[in-house]
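Structural overview
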Amino acid sequence: MTSSQRAEITHSFFKRYVSKENSLMDFVTRFERALAHIWHNELDKDHKDVNERPNLKSMYPMELTMSELYIIDIFYMFQDELFQNTAYKVIATNEDDDRVVYAVHRIKGSGSRVREVVVDKTSNHVRCCCKMFECAGIPCRHMLAYFSRMQIDDLPNEYILRRWTKSVKAMRVRDDLGSGMKEICDTSLLERRNRLFQLATTLIDEAVLTEDTTEFVKELLSSGQKKLCDMKKISEAGEQSAIQVSMSCEIGLKEPFQVRAKGCGKRLKGGKEKVAKKARRCHGCGLTGQSHDKRNCPKLLSTASSLANFYEFAVAWASLSALSFVQEKKVRRVFASSALMVEAVTFLDALRWAHGK
């Protein structure tokens, strides 16, 4: 398995629990929940490996032996390969002083691919060109077909990887210096079970010799069972109280500050800056929340047009030497409906006064 494949497997699992929208506290809670789910599944599989027996498909001695050694998931993969090897035929194609090459192909089926199984004469090591043993860690059907031809009933130890066996967790884990790591070993479920099982077996073997010792052991086991039930109830009550206390306490964690990433083209805005938006204000009319500005303000445009008309009127009036009463009345009637009536009337009065003077 490559590093990218391992990362993809991890991402595919954790993306079911966490996402980029989660807060910091929510991320920690969901991450712990995912780890607890992994531990629960691992303990469940360990329990099945210890207490359950897989179903056998044949009477091969190799299948029975590997059902006791392999864990259930790996055994079913091995069982399928062992069941399929009966459909293959092994023929020796080449032989020299160092090795023997066998061609393995299906008995029925012309389109099947021919595999080569190479056997080293010096070490009796068998390898196949399909590379299943190197990748998955279990012998392929082509190697098992060769073992069947050579009438090998038990799988050699070099083809049984220890990491796929049931007893791998019961072994002592050692560090780089060779010393045993006691913490990991003591927390192993299989090792604790083996120690208790061995102790109980020794105690029972010694107690069955007489009636008195048998009754004593029965009373001892009964009292121990009652104490275990009491301890279980106390632990469950303690967990519930701890959960209630943790829920009642307020967590004072705050969200981390936003950090501008290198190469970011836009400035990061805060929450208040995103919510509060300034209303647009026109400097011509002085109103806010408008869609125009001073350049296209309708009030300024109407005032400018009115002033232009007023200027033309003033020029025309100045070119006249005098106005009659009827003409002045008409001018007043024209400007009566405009917004500049006061200015126009004032201007007319000023011109009349200047003309009379």
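Just so it is clear, the model here is predicted, and its values are computed rather than measured. Residue indices follow the written sequence of each chain, beginning from 1 at its first position. Only residues with pLDDT of 70 or above have their local features reported here, since the model is predicted, and side-chain atom pairs are shown and tallied only from 80 upward, although totals for entire chains, interfaces and linings are computed over all residues. Computation of side-chain values covers all heavy atoms of the structure but excludes hydrogens and water.

**Let's talk about empty space enclosed by the protein**
Heads up, the condition is: With a 1 Å grid laid over protein atoms only, a set of points is called a cavity when a 1.4 Å probe fits there but cannot get out and a pocket when it is open yet has protein on both sides within 12 Å along at least five of seven lines; lining residues have an atom within 4 Å of a point. Grid points are joined across faces, edges and corners, and a volume is the space filled by probe spheres set on the points. Helix and strand definitions here come from DSSP, where helices need a minimum of 4 consecutive H or I residues and strands a minimum of 2 consecutive E residues; each element is numbered from the N-terminal end.
This model, assessed by the stated rule, comprises one cavity of 30 Å³ or more. In this model, the largest cavity occupies a volume close to 40 Å³. For the largest cavity, the full set of lining residues is K57, S58, Y60, E63, Q79, L82 and F83. Sorting elements by how many residues they give to the lining of the largest cavity places helix 4 (residues 72-84) first, with three residues.

**Concerning the pairing of strand 3 (residues 115-120)**
Formally: A pair of strands is labelled paired if DSSP reports no fewer than 2 bridges between them.
Pairing of strand 2 (residues 99-106) with strand 3 involves six bridges; the strand directions are antiparallel. Each residue of the ladder has a partner; that of Y102, found in strand 3, is V117. In terms of strand pairing, strand 3 meets strand 4 (residues 126-128) through three bridges, oriented antiparallel. Paired with V119 across the bridge in strand 4 is V126.

**What about helix 6 (residues 141-149)?**
The condition that has to hold: To sort residues, take the accessible area from a 1.4 Å probe on protein chains only and compare it with the maximum for the residue type: under 20% means buried, over 50% means exposed, and anything in between is partly exposed.
Burial analysis of helix 6 places seven of its nine residues in the buried class, the great majority of the element. Downstream of helix 6 by a residue or two, Q151 has a phi angle that is positive, lying close to 60°.

**So, the confidence of the model for the protein chain**
Worth spelling out the cut-off: In predicted models, pLDDT denotes the confidence assigned by the predictor to each residue on a 0 to 100 scale. Residues count as neighbours in contact if any of their non-hydrogen atoms are within 4.5 Å of one another.
A residue-level look at the protein chain finds 65% of positions with pLDDT of 70 or above and a mean pLDDT of 76. Per-residue pLDDT stays below 50 along residues 182-187; that stretch engages in eight contacts with residues further than four places along the chain or on separate chains. In this model residues 336-342 is a low-confidence stretch, pLDDT under 50, and it forms five contacts with partners more than four residues away in sequence or in other chains.

**Some details on the packing of helix 3 (residues 61-69) against helix 4**
Just so we agree on the cut-off: To define axes, lines are fitted to C-alpha atoms, for helices over the stretch in contact only, and angles between the resulting N-to-C directions are given on a 0 to 180 degree scale. Any angle that is under 35 degrees is reported as roughly parallel, and any over 145 degrees as roughly antiparallel; angles of 65 to 115 degrees are reported as roughly perpendicular and all others as oblique. Under the scheme applied here, ten amino acids are nonpolar (Ala, Val, Leu, Ile, Met, Phe, Trp, Tyr, Cys and Pro), four are charged (Asp, Glu, Lys and Arg), and all others, including Gly, are polar.
Two numbers describe how helix 3 lies on helix 4: the axes approach to 10 Å, and their chain directions differ by 170°. On the basis of their axis angle, the class for helix 3 and helix 4 is roughly antiparallel. Across the interface between the two elements, M62, E63, M66 and S67 of helix 3 pack against F75, F78, Q79 and L82 of helix 4. Of the residues belonging to the contact of helix 3 with helix 4, the class tally is five nonpolar, two polar and one charged.

**Quick look at a nonpolar patch on the surface**
To keep things clear, this is the line we draw: Like charges within 9 Å and nonpolar side chains (Val, Leu, Ile, Met, Phe, Trp, Tyr) within 5 Å are joined into patches, using only residues over 30% in relative accessible area that form no salt bridge. Using the Shrake-Rupley algorithm and a 1.4 Å probe, accessible areas are obtained, with residue cover drawn only from the displayed protein chains. In the sections that follow, a salt bridge refers to a side-chain nitrogen of Lys or Arg positioned within 4 Å of a carboxyl oxygen of Asp or Glu.
Judged by side-chain polarity, L24, F27, V28 and F31 come together as a nonpolar surface patch covering roughly 300 Å² of accessible area. Along the chain, the position of L24 falls in helix 2 (residues 24-51). Residue class for L24 comes out partly exposed when judged on its relative accessible area of 40%.

**Points about the side chain of R141**
Secondary-structure assignment places R141 in helix 6. Excluding anything up to four places from it in sequence, R141 contacts D80, E81, Q84, N85, Y88 and R106.

**Some remarks on the UniProt feature "domain: SWIM-type" (unreviewed entry) in the protein chain**
To be explicit about the condition: UniProt positions are given in the numbering used here, feature names are shortened, and annotations may be inferred rather than shown by experiment.
As annotated in UniProt, the feature "domain: SWIM-type" (unreviewed entry) corresponds to residues 115-151 in the numbering used here. Secondary structure across residues 115-151 divides into 38% helix and 24% strand, with the first and last C-alpha atoms of the span separated by 20 Å.

**So, helix 4**
Here is the rule: Helix span, expected: 1.5 Å multiplied by one less than the number of residues in the helix.
For helix 4, with 13 residues, the first-to-last C-alpha span of 18 Å sits near the 18 Å given by 1.5 Å per residue. Those residues of helix 4 hidden inside the fold are in contact with helix 2, helix 3, helix 5 (132-136) and helix 6.

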